[in-house]
Amino acid sequence: MTSNSGFKKIFSYTFHPGKFFIFSVLFFVFHSAFSQTKEISGTVTDEETKEPLAFVNIIYNERNQATATNIDGKFKITATANAAFLKFSYVGYESKTIKTEDIRWGKPLAVKLKKAVVNLNEVTVFPGENPAHRIIKKVIENRDINNPEKMTSFAYTSYNKMFFTFNIDDLKKTDSTISFTDSIQVLKDTVKSKLDTIRKTKVDSSYIRAKKFIDSQHIFLMESVSDRKFIYPDKNNEKVVATRVSGLRNPSFALLATQMQSFSFYKELITIYDKIYLNPISEGSTKKYFFLLEDTTFSENGDTVFIVSFRPFKGKNFDGLKGILNISSNKYAIQSVKAEPYDPNPVLGVKIQQKYEFLENKQWFPVQLNTDLTFNNMMGQVGKKTMRLIGIGKSYLRNITLNPELNKKEFKNIEVTMGDDAYKLSDEFWEKYRVDSLTAKDRKTYRVIDSIGKKENLDLKMKVFEALAQGYIPWHFLNIDFSKLVTFNEYEGFRFGLALMTNEKITRFVSVGGFFAASTKDKAMKYGGKVEFSIYPEWELKLKTEWCFDVYESDGYSFLEEKNYLASDMYRQFLISEMDSVEKKEVSISFRALQYLKLNFSLSRNHKIITDNFRYGVSENRTDLLKNYNYTETGINLKFAYNEKFMKFPNGKFSLGTDYPILWANFTRAVEWLDGEYDYTKIEAKISKSFITKTFGKTYLQLSGGMVSGNVPYSGYYNGHGSYEVFSLDAANSFGTMRMNEFVADRFAAFYFKQDFGSLLFKTKKFKPQLAIVNNIGYGDFVSSNHYFDKPVNTYNKGYFESGILFNNLLHQMFIGYGVGVFYRYGTYAFHREEDNFAVKLSITFDL
């Protein structure tokens, strides 16, 4: 009775609008809080490695509605989803189901999936068309619609995080730290058992110490925030606005974070860490890739999601990928993808993950990118065991704007830049962009590695590495050109030298320096000095004055900005056997115009000393006609690389290349100024292009030519640009069977063709030679009349022909591949002795 009357008393108050409003607000707050506790969230990891699993499919009701984990293995299901159960499925793993009544509400789930046992002999046979093919063909049909880089424009901000550590699981796979081969033969079982116990104890203790260290901190950690803008088809502007690198204030590393993989998975060819692979959703991919429809489910919006695995067909020789595609029936777009090279790389293992979202109900766009690196040749030592270095990189895209109005004038040839204060920003700034706050492990990494970096002066060492990439070694206020320390050619022999220039520690606007060298074969000294003024860095405007006494190739030619120490073209320098000594005094001015054009104007006064009086066109008894002489030259040199892009570092910039042909040209006019004795005109040009096709690999094309007319001095013509020795290094864009200085011409043309098939034609599991074919054609004639020539010169005006085949990468060490090649000379200028028409080459390639 009392209880009932109390209950009536509680609910017998007269209705009051103010009290009702307060009661409604309290009820809403209570209901919201209760609803939040009904949210299901958690992380899915590999049971053995503890690594998070991205894009795990999670069905949560009988209607097959589903969600998926994000790139970090995390998931969230709201109360409104009416989850009845959670079924986790992932290709290559055993499925797992959790009932909702077994879930502790409000507490994140830790779901562990176990790898499934795979029957490698199992073959899937389809009675008709592979059902996955219909889906893949739809994806290919809609590729341009779904490709974000086919949009008019877009903009976004990305937060990038990358850390490096060691793979602790490698310790479980390596051999014992103690060898028992001899002990087993001489010791009794009881002694062996004790030794096994000791071994296990030592292994376990080493493992525990290593694991404790790796669990407590990373080896290296870096973060960056960048803003990117894009205008179709290829205008990019990315600015790194914030960066933090453990142990370093130098921010250059942060520029690498967004360069690991292709931005989207829709291009014909996919770039992963500077290596190119055939996309499984490219035209005709169903003839090269095997696709399997692994599962079908539904998204939270009700769209069908097809889970399709892919790998190259057995016996198909191309650089392919394997992985999983989650494809939405909404526009048949990629919802997520996991991919890695089908053939493991012996040096560097790479895996990528991408997640897309359908934004503004009109466009699929990547929102998360992940790159996992495994450095198979970089090890951490634990006793006699080793652990591979691994890198985990993640990028999160936010503030995505579709088709914004962007000003094209903001886009220049510098594609990636860095803010001046990018490494100075506060923790408050970083917290706005971090997806999750720094963990205790992250904080310790910064604390420990920063202290080591300060103690070991890692910033200085980083500057040294940057300088090496630009061709010099910094030493206090001087830069040492390392390319001049030791060189070799057939004329000079070994050349030892030292070339110095002052650097920015004195001033950025003026650099003063010089060089000195001595060589073993010609027994001559070379020396010189230079002053360089940096007038307007934005235009690369420089004024140079130079004086030197050095040697130059007889009848040779060169172009502006040609040096690439990793290109095999440079190997021809070792074979040069005819050179002249020249004393040169030169003033030049160079600058960049119209973004893509580099120009150099020069005026030089030269004194040439003919060092070999018997080469061509002159009888032995007429060597008196040859003499040392003065000549004055004015010149224009240019390089035009349309749409060439650059990445700008704090202390320099790096070319990202161009998809268009590159043109070089020289125009030289000799005048009778400053005691000049000759009057002639020289014109030279070169155009180069390389491109990749999914069927034939990489194609290299180069066309060069030149002519000289007027009163030309001796050794002022053109040799045939040969690179023959019985056995020598393969030098690209030269004639491998043509003897050095075998021909001379006052006009020439040369076409060099190389088709590098890579491993497309032949490879086995352990042996992957890379095949390339070469065809070179040359023409050279001599029509000028020269008063001191008293006999004909050797020309090749009927066409010079040679072909070759290269077997690259027969041996591979680190990132260097070694191979062999054979070239054959044929046509009018073939030798009578057949064996003289062959040249054997050693090929050296650089490849990760």
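Below or above, wherever it landed, is the structure these notes cover. (Residues numbered from 1 in each chain as written. Predicted model: local features only at pLDDT ≥ 70, side-chain atom pairs only at ≥ 80, totals over all residues. Heavy atoms only, no water.)

Scanning the chain from N- to C-terminus turns up ten helices and 43 strands. The proportion of buried residues among the 848 residues of the chain is 46%. Nonlocal contacts in the chain, meaning residues at least 24 apart in sequence, comprise 63% of its contacts between residues at least 6 apart. (Helix = DSSP H or I, 4+ residues; strand = E, 2+ residues; numbered from the N terminus. Buried < 20%, exposed > 50% of the residue type's maximum accessible area, 1.4 Å probe, protein only. Contact = heavy atoms within 4.5 Å.)

This next bit is on helix α3 (residues 131-141). Taken together, the buried positions of α3 are Ala132, His133, Ile135, Ile136, Val139 and Ile140. Seen end-on, α3 carries its buried residues on one side only, within an arc spanning 165°. Capping of α3 at its N-terminal end is provided by Asn130; its side-chain oxygen lies 2.9 Å from the backbone amide nitrogen of Ala132. (Arc of directions from axis to C-beta. Polar contact = N/O pair within 3.5 Å; in protein donor to acceptor, adjacent residues only side chain to side chain.)

What follows covers unusual backbone geometry. With an omega dihedral of 10°, the bond running from Tyr232 to Pro233 counts as a cis peptide bond. Locating Pro233 in the fold gives a position in the loop between β9 (220-231) and β10 (235-245). In this structure, Asn64 is a non-glycine residue whose phi angle is positive, near 65°. Note that Asn64 resides in the loop between β2 (57-59) and β3 (66-68). The phi dihedral of Asn399 is positive, around 50°, even though this residue is not glycine. The residue Asn399 is located in strand β19 (residues 385-402) in this model. Note on Asn399: relative accessible area 53%, which makes it exposed.

Let's shift gears to the pattern of salt bridges. Within this structure, the stated rule accounts for 30 salt bridges. In this structure, Glu410 engages Lys229 in a salt bridge whose closest nitrogen and oxygen atoms are separated by 3.4 Å. On the criterion of sequence distance, the pair formed by Glu410 in the loop between β19 and β20 (414-418) and Lys229 in strand β9 is long-range, its members being 181 residues apart. In this structure, Asp522 engages Lys526 in a salt bridge whose closest nitrogen and oxygen atoms are separated by 2.8 Å. Beyond isolated ion pairs, a larger network of salt bridges with shared partners links Glu492, Arg495, Asp522, Lys526 and Asp550. (Salt bridge = Lys/Arg side-chain N within 4 Å of Asp/Glu carboxyl O.)

Both strand β23 (residues 486-489) and strand β24 (residues 493-502) contribute to a ladder of four bridges, which runs antiparallel. In the strand pairing of β24, Val486 is matched with Phe496. Here β23 folds back onto β24, and the loop between the two strands holds three residues. (Pairing = 2+ DSSP bridges.)

Core analysis: the largest hydrophobic core is formed by 51 residues, its most contacted members being Phe265, Leu321, Leu325, Ile327, Ile334 and Met387. Here this core takes five residues from α3, the largest share from any one element. Setting aside chain neighbours within four positions, we find Met387 in contact with Phe166, Asn167, Ile168, Asp170, Leu171, Ala210, Ile214, Met378, Met379, Gly380 and Val382. Among the nonpolar cores identified, the runner-up in size contains 34 residues, and Ile662, Val708, Met738 and Val793 belong to it. (Core = buried A, V, L, I, M, F, W, Y, C linked by side-chain atoms within 4.5 Å.)

Everything listed here is a matter of coordinates, which is why it stays silent on function.
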